[in-house]
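# Coordinate analysis (summary)
As a plain string of letters, each chain reads:
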Amino acid sequence: MKYRKMKTLDWDVSVLGFGAMRLPTKKSWDDIDYEKGIKMVRYAIDNGVNYVDTAWSYHVEKSEAFIGEALKDDYREKVKLVTKSPIWLLEHYDDLEKYLDIQLNNLQTNYLDIYLFHALNQDNWKKIKELDLIKGMEELKTKGKIKNFGFSFHGSYDTFKEIIDSYSWDLAQIQFNYLDVDYQATIEGLNYAYSKNIPIVIMEPLRGGKLAESNEELEKMLENAPSKKTLVDWALQFIWNHPGVSVVLSGMSSLQQVKENIDSANNSEPNSLTEDDLKFINNLRDYYKKKIKVHCTNCKYCIPCPHGVNIPENFNLINHAAWTGTVEDWVQSWYDEMDDDSKETDWHGKGKSNLCIKCGECLEKCPQNIDIPSQLEDVRLVFEEEKPIKDFL
Ligand code: SF4
Ligand code: SF4
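Below is a summary of the structure that appears in this document. (Residues numbered from 1 in each chain as written. Chains lettered and ligands numbered in written order. Predicted model: local features only at pLDDT ≥ 70, side-chain atom pairs only at ≥ 80, totals over all residues. Heavy atoms only, no water.)

Right, let's get into the sheet that holds strand β5 (residues 80–85). On the basis of which strands lie adjacent, the closed barrel formed by eight strands has the order β3-β4-β5-β6-β7-β8-β9-β10 and parallel pairing. Each strand of the sheet is rotated relative to its neighbour by a mean of 25°, with strand direction disregarded. In the sheet, strand β7 (residues 149–153) pairs with strand β8 (residues 171–175) via four bridges, with the strands oriented parallel. Within β8, the residue paired with Phe-151 across the bridge is Ala-172. Most of the contacts of helix α6 (residues 133–142) go to strand β6 (residues 114–120), to which it runs at about 160°, and overall it touches β6 and β7. (Pairing = 2+ DSSP bridges. Helix = DSSP H or I, 4+ residues; strand = E, 2+ residues; numbered from the N terminus. Axes fitted to C-alpha atoms, helices over the stretch in contact; angles between N-to-C directions. Contact = heavy atoms within 4.5 Å.)

A separate point is the pattern of salt bridges. Between side chains of opposite charge, a pair can form as their charged atoms come close. Taken as a whole and assessed by the stated rule, the structure comprises 22 salt bridges. One salt bridge connects Asp-95 with Lys-98, and the closest N-O pair in it is separated by 3.8 Å. Placement of both Asp-95 and Lys-98 in helix α4 (residues 95–107) is noted, with a separation of three residues, approximately one turn of the helix. Accessibility expressed as a relative area gives 45% for Lys-98, which makes it partly exposed. Two residues, Lys-390 and Asp-391, come together in a salt bridge whose shortest N-O distance is 3.6 Å. In this structure, Lys-390 and Asp-391 share a single accessibility class: exposed. (Salt bridge = Lys/Arg side-chain N within 4 Å of Asp/Glu carboxyl O. Buried < 20%, exposed > 50% of the residue type's maximum accessible area, 1.4 Å probe, protein only.)

Now the structure itself:
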């Protein structure tokens, strides 16, 4: 395993962290397969991983309890343990500690190495300031319940910079991969935090698994690549090539993935990719971008829509269809559930494309300048009129 200094924290942290949000499951997403999962977590730790990241909300609030079990038998002390405060549930100052106590109990530990405000954006950031939650975090630190605190982030670069400048954070966690160099915190945000000595942890290195998906064209590209690597390895090495990155979190779902990611981590080095490597990654980026129907970055600035359309989720689903070139059954039923009150859709929410009345109120809110009503009409045609997705690419 390779390790990097976590700047201000003075830790040697494994470049690969275990992200507990895509664990193996049985019947449903909240039914974690403990036997397989525990094997994976402990294999990772036995092979040098020393950073484990979870959150209140992962696996429908079941991930923390799982990690509590996985870290029994002295594994807890071998890792830096991180979880996140569910900001959206906090209504009062005292709620911060109230939820932390439940989380510590679930995780079967007395303290966290790092506690993060979860998924900050402009709205959550405002709430943190209104409820004075940074002071709350400082108090938790004084009490010894947490050792460090920071935030995970899903907003715009400007908000990221504002948050970074507002406090001397112990750590920031951002979404970053070779498709998202200009999305959310962006590569500028990564470099900015680095220049301020704030350790950066990366999430979504494979963009929710998209950058691991292959097909014949990609296999051909790999055959002619400047060096022999898998798609996953290219994606991970791209991130580790940045010296500002401390840890890359991978949400692994099988022991095989754990082993492959550890192999990649063992071969990582900052500034090690050649010009040809970087050109090849640019080609991969161009290829993936072409397979994305709507360049929605899921920033959610456009919602709530006054007519109840869940705009980003509709775009997420049509992008799934664009990638595979067809509407897979699970994607169709996911869409169908978006107006089915008997189904739990907390995950992704309700609000089908057919609710759009084309009022245009959302247009000026979209930083990507997407023609939202027209793209929603395409979603409706594909999912409700069975028009082939290929007609829209
Ligand atoms: S154009 Fe459609 S999606 Fe946009 S605000 Fe109006 S109804 Fe909602
Ligand atoms: S449609 Fe635009 S504003 Fe809405 S989530 Fe996507 S990128 Fe953001």
